[in-house]
Amino acid sequence: MAERSFAKEVKSLRLGAGSPFRGEGILAVTKALLQSGVAYVGGYQGAPISHLMDVLADAADILSELGVHFEASASEATAAAMLAASINYPLRGAVTWKSTVGTNVASDALANLASAGVQGGALIVVGEDYGEGASIMQERTHAFAMKSQMWLLDPRPHLPEIVRAVEQGFELSEASHTPVMLMLRIRACHVYGRFTAKDNRRPAFCAEDALKTPSRDYGRIILPPSIFAQERQKVEDRFPAAVRFIAEQKMNVITGPESGDLGIVLQGGLYNHVLRALELLDRADTFGTSRIPLYVLNVTYPLVSEEWVRFCSGKRAVLVIEEGQPEFIEQAANQILRKQEVSVRLLGKDILPRYGEYTVDVLRSGLAEFLERFSAGRRSGIGGLRPAKEAPLVPAERLAALVPPRPSGLCTGCPERPFFAAMKLLQREMGPLHISADIGCHSFATLPPFNMGNSIMGYGLGAAGASAFHTDRGRRALAVMGDGGFWHNGLTSGIANAVFNRHDDVTVIIDNNYSAATGGQDIPSSRGANPHREGNHSIVDAVQGVGVKWVRRTGTYDMRQTLKVVREALTTDFRGPKVIVAEGECQLNRQRRVRPLMRTAIREGKRVVRERFGVDPDTCTGDHSCIRLSGCPSLTIKKSPDPLRTDPVAYVDNSCVGCGVCGEIAHAAVLCPSFYRAELVYNPSRWDRFLARVRAAVIGVLQRRGERRRLRYAL
Amino acid sequence: MSQRPIRLCIAALGGQGGGVLADWLVEIAEAQGYLAQSTSVPGVAQRTGATIYYLEFFPLAESERAGGEPIMALMPVPGDVDCVIASELVEAGRAVQRGLVTPDRTTLIASSHRSFVISEKSAMGQAMADEAGITGLLRAQARRLVLFDMDAVAERHHSVISSVLLGAICGSGVLPFARQSFEEAIEKSGIAVSTNLAAFADACRRAGCGDEAGSTVGDPAAALPESELPVRARSPALQSLLDRVRRLPESVRALALAGVRRAIDFQDPAYAELYLTRLERVSMLDERRSRGERGVGNDRALTVAVARSLALWMTFEDTIRVADLKTRPARFARVREEIRAEADQLFGITEFMKPRVEEIAGTLPAGMGDWVLRSPRVSRWLGRWTQGKRIRSSTVSGFLLLHTLAGWKRWRRGTQRYRQENGRIHEWLSRIEQIAATHYHLAVELARAQRLVKGYGETYERGWRNFSTLLSQLDALTARPDGAAVLARLHEAALADEEGEALAKALAGMQQTPQPRGAPDRGSA
C-alpha cells in the first residue's frame, strides 16, 4: 500500500461532462486519460509522478469499470515495452515515469517503438525532475525526443491546458504514427487547480478485440529491411504530418500585441513564470496580457518553421527562454531562421543562465536585461523596472552562518539506520571500505551522519557498480542495493552478473518490503496483502535461483548479528559472490499498519505494551556519539539541565516509535549507559498490578532512605 | 491597475503537515469566493528535509469582472511574498535567507521552537544555531512578525502544529477570510476536530498579540542571580562550606555553589571541601594577579573556568555514579513525565549497560583494579562478562543490583577509578598553577580544555587521548606568544571530528606556522 492514499480524490475521476474538477495536476492527467479513451496504462513510480501511479492504483475499480488495464510495471523498460500494443492495433496507451532516469531505462523499447511507429495513440507522461526538489542528475528529456523522433509536449502548468495536452497528445500521436511525450515539471505535477470535466470514454478497441484478430505487418518489425523504410517514414511522412497537425490545431500560441520589434519565445511549461516576471517588470498584467509579443511553445519538438518565421519576421530581437542545457530549441531556431533568411537577433542563453532552473527571479533579471538592451531607449524606462536590489539588511555570509542547512535523512525508526550504524562500526574496526551505493532510501546514507558510499550509478546498479573491484586478494568491496532496485534490474545486472563473472564481492540487499523512497509502493517481495498484486516472493530464493551459494539473512534491528554477518562476508575464505539480505520493514508503513491496531486493542481493553526510548540527562555528558551513529529524527538534543555543563544533552522526543536501535547502538558501540527503554503497559492484568505493588513497596523503601540521606546534606 | 493575487508561502519540514495546512488554506479560500492555486516540491525533502509550499489566491468576482483568470506563479519570488508561514525557527531564517521575507511586504508567521538539524545534533559539543540571532533577523526583516512556540501550543492541546499555524494565520488577519471559514475547514476534515479547534483558537488569540518570543538563550549558570545564593545552609553542618563559597569572588560564586552541591551529591561534604580547597588555590592566583598587575580585568577568568571544569571532573561518571543516578526517585518521576505515562499507568524501565573491563576494574580497590588492567589474562577472563546488559531497574532484582552498586560509594575513595581521576586532576591543577603566573591566558585555556574529558567507554578514551595530546603540547605553547589562542584552536579541533583528523591537521599546522609577532600571551578569551 502506498504512503499516500488517494481513495478520496479518485472519486472525482468519475465526474461527468460539465462538472468542475478540482485537484492536483497528476490527478487531472489521470482524468484526462480516461476522457481520452485510453485502453491500457503502465509506469514506474518516482517523484514527481509517484502520485500518478498511486492515483491509478487507488482507482483500480474505476479503471476496471471502464475496461482499462493498469499495471505497476517492473521497470520503465517494461512500461515502455507495453506500448508495443499500440504498434499493430488502434489501442490508446499511456505510460509514466520519472525523467530523465526512467527515460534512460526505457530508451531501448522507446527507440524501437518510435522506429516501428504506432497506430493507436501512445503517450508517455514524464515527470521532469529538474531544479528545486530534484533528486537526480540534471538532464533534459528533450534529447530523447530528438534522437528517437518522438514529439515532446510542454504545456502550461494550468489544469485545463494539461488536460488538453493529454487529449491532443493522443490525436497527434495517431495523426503522425509517432509516440508522444508529455513533459510535466515538478511543480506542475503537484499544482492544485480546476478544470471542467468531460465524460469518461470506454476504449473503442480493446485487448480482446486485438487478440481475436491478431494483425501482423513485417514493416513494423525492427529488423532490416523494415528499419530503413521506417527511417524514411520518420523523415518523409511522420515528421511533416506532426508539423501539419501542430500548426493546424494551433497547439502553439502566439499572443500579445500584433506589432512590436521585440519578441519572446518560451516553453509552455515556463509560461506562468515568464508572465509573472513580465508583470513584475510592468510588461504584462495579472491576467496574462503581455505588452510584448509572445510565442508559447506547447510543443517543444518538433518546431514549426513557418510559425518561427512568422513570429520573428520584422522583429529586431527575440529572446528564447529555454530551461536546461544544451539549448536545443535555440540552436534549431537559429538554423530555421538562417535558412529562411529572417534577419532577427536571436538571444537565449547569452542573456539567461546557461544552466539551472529558471525561477521567476532568474527570468526577471534576464528579461530586464533583454528589454534594457533592445528596447528603444526613450520609450523603455526599463532601468527603473529592474528588480529593486536593495542592499540586504543582513549580509549573505552572516545569514549562511545563522541558518544551518537541513539535509534529508532516514525517517524515525527507519530499519536502514541500524544497518548503516553497523557499517560505521565495522569500518572503525576494519578500516574504510569501498561502498558502491544505490538509489533508494539508503542513498541517504551518503549524507550526514553516515557519510558512506563512494558512487551511485543508478537504480539497482549498486552491485554492478562494484564489478571492476574484482581482486583475488586483499579487501573486498561492498555493494548496497535496495529491494526496489533489486526487482527493477539488480537481480540480473548485479547478482546474476556477479555469479557469471565469478565476483568475490559482497552485496547487501536492504529489504524494507516496499519501494519506500518513492512512497511505499508494493514490489514483488512485499509481504502485505494487496488485492490487485501478487507479492511475497522471496529475495533469498531469487538470489539462490541465479546461482549464489553464499547467502545470509539478518534483521537490521539486530546490529550484532548484522555486524557478524557482514564481517564474515568480508573475511570468509569462500570464493564467489556473497549476498546478505538485510531485512526490516519500512517504519513509515509499519506504523501506518500497527498504530491503528494498537489503538483499537487499547480501546478494547486488551493488554498492550508500548515501548519507547529515553535518555537520562544527568548521566549524558553531551558528546553525541549516539547521534553520530544514529541520526534518528526523534533522537535530538536539548540544553543541559545542569548549570555546569555547556554542551547540550541528547534527548528522545515524543515521536520515538521504540524501534530499539538506541539500545542496540548503546550496546554495540559500547556507548553510554544513558539510554533507557520504557515499557508502558495499557490495560494491565491483575498479575501486572500485583507485581507493581510489590516493586513499588520494596523500591520505595530504599529510595526514601536515600532521599533522607541526601536531604541531610542539602545545601 | 488591477488587483494582484495574494502570495503565501509555507516553509516546513518534511512530514510536519505542511501539505495539510496548504489544503486547508485552499479550501478556506475557495469557500470565501477566491480562486486558489497551491503547489509544492515534495521530492526527497519529504524525508525530514526543508520543504516549501506556495499558494496564490485571487477574488473570483474580480476575475469574472475582468473576463479572464489571473496567471498564478508556482514558486515564491524574492521580495514579492505577502505572507510567509514557517513551522520552525531555522526554517523561518531560511525563508529570510531565500529573500522571501521583506520589510515592505511580508507578514511572517513563525513558530519559535527548534527542530535541530543534523549538524547541530551530531557535533561533539555545543553547535546549536544562534536562536537570538535568528530571532533578531526575523524582527528586522519582516513587515510584521507573529512568533511564538507553536509546537508547545500544539502539545498543550494534543493537536498538531498545522492547526496552530492555521490559527495564527487567522488571528494575524493577513488573509481576508472570515474566522468561521477557517473553523469550518478544520471541522470538514473530520480528524481530531475538537483538539484541532482548541489549538486553533488558542493560536488565533495569541497571533492577535503578535510577537511573544522572549526566550533567554545562554549559559544557565551565568544567569543565576546573586540573590539565589543562600545565606544559611539547610544543614548546619554545611554552613562552613557555604561560607567558603561566599568568600569567593562574586563572578565565581554561583558556579562554585553548583560545584559544591555536585561534589556532595557525588560523594559527601568532605569531597566538596576538597573541591573548594582546590578551587581556592586557583582563586588566590587570580587574586595575586589582579593585585600585582595594573589594568588587568577583574573577571577571574581562570577561577571561573576551573570552578566549572573541576566540578565536572571530580564528579566523573563511574559505575557507582551511574547506578546512583539511575535509582533515584526523581529519576523515576522524570521518566514518567518524559514518556507521558497517564496517571497511575504502569511502566517498566530497562537500562542498557555495557561495562568494559576498564569499568569493572575501576570499581575495584585500586591495587586489584590495576592488577586486573595489567594482566591480559585476567582482563580476558573478565571480558567474558562484558556483553551488553539489559537491567530492568523497575523490578526488585534489577533495582537491588543497581542500588547495591550505588551503595559502593562508601568505598569509592579506594577504587582504582577514583585514584586515577584524582591523580589526573592533581596533575592538571599543578600545570595550571605552574603556568598561570607567566602565561595566564594559556592557563585559562588549559582549564577550559578539560571539557574534552567526558563520556563513557570509547568516548572517554578518545577524550582523554585528545586531552593528553593537548597537555603534551604545553611546553611548546608556553614558548609561543599566541600559545593560548593556539590551545583554544586545538581544543576546537579536538571536537571537530571523532577520527581526530582535524586535531592532527591543527597540530601539523602548529608546527609549520611561523610564530606571529605580537604582545606576549594574548588570550583568545
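Residues numbered from 1 in each chain as written. Chains lettered and ligands numbered in written order. Predicted model: local features only at pLDDT ≥ 70, side-chain atom pairs only at ≥ 80, totals over all residues.

K.L.:
Would you take a moment to explain the overall build of chain A for this structure?
P.N.:
A count of helices and strands for chain A gives 25 helices and 24 strands. Its C-alpha atoms put chain A at 100 × 70 × 60 Å along the principal axes. With 715 residues in all, chain A has 53% of them scored as buried. Put simply, of all contacts in chain A between residues at least 6 apart along the chain, 77% involve residues at least 24 apart. (Helix = DSSP H or I, 4+ residues; strand = E, 2+ residues; numbered from the N terminus. Buried ≥ 20, exposed ≤ 12 C-beta atoms within 10 Å, placed from the backbone. Contact = placed C-beta atoms within 7 Å.)

K.L.:
What's the story with the overall build of chain B in this structure? I'm lost.
P.N.:
Of the regular secondary structure elements, chain B holds 25 helices and 8 strands. Dimensions of chain B, computed from the C-alpha atoms along their principal axes, are close to 90 × 65 × 50 Å. For chain B, contacts bridging at least 24 residues in sequence account for 70% of all contacts bridging at least 6.

K.L.:
Is there a simple way to explain the interface of chain A and chain B in this structure?
P.N.:
A common way to state how big an interface is: give the accessible area lost once the parts meet. Facing the 93 residues of chain A at the interface are 111 residues of chain B. The leading source of residues in the side of chain A that touches chain B is helix α25 (residues 686–712) of chain A, at 11 residues. Here 6 bridges tie strand β24 (residues 675–682) of chain A to strand β7 (residues 346–353) of chain B, and the two strands are oriented antiparallel to one another. Paired with Arg677 of chain A across the two strands is Thr350 of chain B, which belongs to β7 of chain B. (Pairing = 2+ DSSP bridges.)

K.L.:
Can you walk me through the environment of Pro48 of chain A in this structure?
P.N.:
Here Pro48 of chain A is to be found in the loop between β2 (40–43) and α2 (50–58). Judged by local crowding, Pro48 of chain A falls into the buried class, with 29 C-beta atoms found within 10 Å.

K.L.:
Before we go on, may I ask you to explain the domain arrangement of chain A in this structure?
P.N.:
Residue and element names in this part refer to chain A. What the domain assignment reports for chain A is domain 1 (24–248), domain 2 (253–385), domain 3 (416–528 + 535–589) and domain 4 (607–683). Averaged C-alpha coordinates put domain 1 and domain 2 at centres separated by 29 Å. Contact residues are listed per partner, giving 23 residues for domain 1 and 17 residues for domain 2. For the side of domain 1 that touches domain 2, the secondary structure elements donating two or more residues are α7 (142–148), β6 (151–153), β7 (180–185) and α11 (226–248). At 5 residues, the largest contribution of residues to the side of domain 1 that touches domain 2 is made by α11. Partitioned by chemical class, the residues of the side of domain 1 that touches domain 2 number 16 nonpolar, 2 polar and 5 charged. (Domains from an automatic or database assignment. Nonpolar A, V, L, I, M, F, W, Y, C, P; charged D, E, K, R; others polar.)

K.L.:
Got a minute to help me understand the domain arrangement of chain B in this structure?
P.N.:
Split into domains, chain B comes out as domain 1 (6–209), domain 2 (220–311), domain 3 (319–414) and domain 4 (443–525). Taking only C-alpha atoms into account, the centre of domain 1 of chain B sits 45 Å from that of domain 4 of chain B.

K.L.:
Could you clarify how one ought to interpret the confidence of the model for chain B in this entry?
P.N.:
Residues and elements named next belong to chain B. Residues with a pLDDT of 70 or more make up 91% of chain B, whose mean pLDDT is 90. Contacts from residues 211–225, a stretch scored under 50 in pLDDT, to residues over four places away or in other chains number 25 contacts. As a predicted assembly, this complex carries a pTM of 0.92 together with an ipTM value of 0.94. (pLDDT = per-residue confidence, 0-100.)

K.L.:
How should I be thinking about helix α18 (residues 416–430) of chain A in this particular structure?
P.N.:
Given 3.6 residues per helical turn, the α-helix brings residues three or four places apart onto the same face. Residue and element names in this part refer to chain A. Between its first and last C-alpha, α18 extends 21 Å over 15 residues, near the 21 Å set by a 1.5 Å rise per residue. For α18, the complete set of buried residues consists of Glu416, Arg417, Pro418, Phe419, Phe420, Ala421, Ala422, Met423 and Lys424. In this structure, the buried side of α18 is in contact with β18 (506–511), α21 (559–571), β20 (578–583), α23 (625–630) and α24 (661–668). Directly after α18, the chain includes Gly431, whose backbone phi takes a positive value near 90°. (Expected span 1.5 Å × (residues − 1).)

K.L.:
Sorry, what's going on with unusual backbone geometry here?
P.N.:
For residues other than glycine, phi is negative in most cases, and the peptide bonds are mostly trans. Residues and elements named next belong to chain A. The omega angle of the peptide bond from Pro224 to Pro225 is 5°, so this bond is cis rather than trans. In this structure, the amide linkage connecting Gln325 to the following residue, Pro326, adopts the cis form with an omega of 0°. Mapped onto the secondary structure, Pro326 falls in the loop between β13 (317–321) and α14 (328–339). In this structure, Glu341 takes a positive phi of about 55° despite not being glycine.

K.L.:
What is the right way to look at the nonpolar core in this model?
P.N.:
In globular proteins that are soluble, nonpolar side chains generally tend to be buried together. Core analysis: the biggest nonpolar cluster contains 301 residues, and Trp151, Met181, Leu182 and Ile321 of chain A together with Val84 of chain B have the highest contact counts within it. Excluding anything up to four places from it in sequence, Met181 of chain A contacts Ile124, Val126, Thr141, Ala145, Met150, Trp151, Leu152 and Leu153 of chain A. Of all hydrophobic cores here, the second largest spans 62 residues; its members include Met124, Ala256, Leu310 and Ala488 of chain B. (Core = buried A, V, L, I, M, F, W, Y, C linked by C-beta atoms within 7 Å.)

K.L.:
Whenever I open this one, the sheet that holds strand β5 (residues 122–128) of chain A confuses me. Can you help?
P.N.:
Paired through backbone hydrogen bonds, the strands of a sheet run either parallel or antiparallel to each other. Residue and element names in this part refer to chain A. The strand order β3-β2-β4-β5-β7-β6-β12 describes an open sheet built from 7 strands, whose pairing is mixed. Every other strand in the sheet has two partners, leaving β3 (69–70) and β12 (299–301) as the edge strands with one partner each. The pairing of β5 with β7 spans 6 bridges and is parallel. When the sheet's bridge partners are listed, Ile124 is paired in β7 with Met181. In this fold helix α6 (residues 101–116) packs onto β4 (93–99) and β5, with an angle of close to 145° to the strand it touches most, β4. Here helix α8 (residues 159–176) sits on the sheet in contact with β5, β6 and β7, set at roughly 160° to β7. (Axes fitted to C-alpha atoms, helices over the stretch in contact; angles between N-to-C directions.)

K.L.:
When you look at the packing of helix α14 (residues 319–326) of chain B against helix α19 (residues 396–407) of chain B in this model, what are you seeing that I'm missing?
P.N.:
Packed helix pairs are characterised by how far apart their axes lie and by the angle those axes make with each other. All names here are of chain B. As a packed pair, α14 and α19 sit with axes 8 Å apart at the nearest point and diverge in direction by 130°. Considering their axes alone, α14 and α19 lie oblique with respect to each other. Seen along the crossing, α14 lies across α19 with a hand that is left-handed. For the pair formed by α14 and α19, the contact residues are Thr319, Ile320, Ala323, Asp324 and Lys326 on the first element and Leu402, Leu405 and Ala406 on the second. Of the residues that constitute the contact of α14 with α19, the class distribution is 5 nonpolar, 1 polar and 2 charged. (Parallel < 35°, antiparallel > 145°, perpendicular 65-115°, else oblique. Left-handed = near helix turned anticlockwise from the far one by under 90°.)

K.L.:
Can you walk me through the packing of helix α1 (residues 25–35) of chain A against α2 of chain A in this structure?
P.N.:
All names here are of chain A. Put simply, α1 and α2 touch, their axes get as near as 9 Å, and they point 50° apart. By the criterion of interaxial angle, the relationship of α1 to α2 is oblique. For the pair α1 and α2, the crossing hand works out as right-handed. Contact residues: α1 offers Ile26, Leu27, Val29 and Thr30, while α2 offers His51, Leu52, Val55 and Leu56. Here the residues of the contact of α1 with α2 are counted per class, giving 6 nonpolar, 2 polar and no charged.

K.L.:
Before we go on, may I ask you to explain the pairing of strand β10 (residues 262–267) of chain A in this structure?
P.N.:
Two faces belong to every sheet, and in a regular strand the side chains alternate between them. Residue and element names in this part refer to chain A. With 6 of 6 residues buried, β10 lies mostly within the body of the structure. Pairing between β10 and β13: 5 bridges, direction parallel. Within β13, the position partnered with Gly263 by the bridge is Val318. Bridge analysis of β10 against strand β11 (residues 294–297) gives 4 bridges, and the strand direction is parallel. Each bridged residue has a counterpart across the sheet, and for Gln267 the counterpart in β11 is Leu297. Handedness of the crossover joining β10 and β11 through helix α12 (residues 271–280) is recorded here as right-handed. (Right-handed = clockwise from strand over helix to strand, strands pointing away.)

K.L.:
Sorry, what's going on with helix α1 (residues 18–31) of chain B here?
P.N.:
With 14 residues, α1 of chain B should reach 20 Å at 1.5 Å per residue; the first-to-last C-alpha distance of 20 Å fits that figure. If you check which residues of α1 of chain B are buried, you get Gly18, Gly19, Leu21, Ala22, Trp24, Leu25, Val26, Ile28 and Ala29 of chain B. Buried residues belonging to α1 of chain B abut β8 (192–196) of chain A together with β1 (6–13), β2 (34–40), β3 (50–59), α7 (161–172) and α8 (179–189) of chain B. Two residues or fewer after α1 of chain B comes Gly33 of chain B, characterised by a positive phi angle close to 80°.

K.L.:
Help me out: how do you make sense of the sheet that holds strand β8 (residues 389–392) of chain B in this one?
P.N.:
Spatially, 4 strands are ordered β21(A)-β24(A)-β7(B)-β8(B) in an open sheet, and the strand pairing comes out antiparallel. The open sheet terminates on both sides in strands that have one partner only, identified here as β21 (608–615) of chain A together with β8 of chain B. The average undirected angle you get between the axes of adjacent strands in this sheet is 25°. Here 8 bridges tie β21 of chain A to β24 of chain A, and the two strands are oriented antiparallel to one another. When the bridges of β24 of chain A are listed, Glu611 of chain A appears paired with Glu679 of chain A. Sitting on the sheet, α24 of chain A is in contact with β21 and β24 of chain A together with β7 of chain B, with an inclination near 150° to β24 of chain A.

K.L.:
Sorry, what's going on with the environment of Val344 of chain A here?
P.N.:
Among the structural elements, Val344 of chain A can be located in the loop between α14 and β14 (345–347). Looking at Val344 of chain A, the number of C-beta atoms within 10 Å reads 20, which means it is buried.

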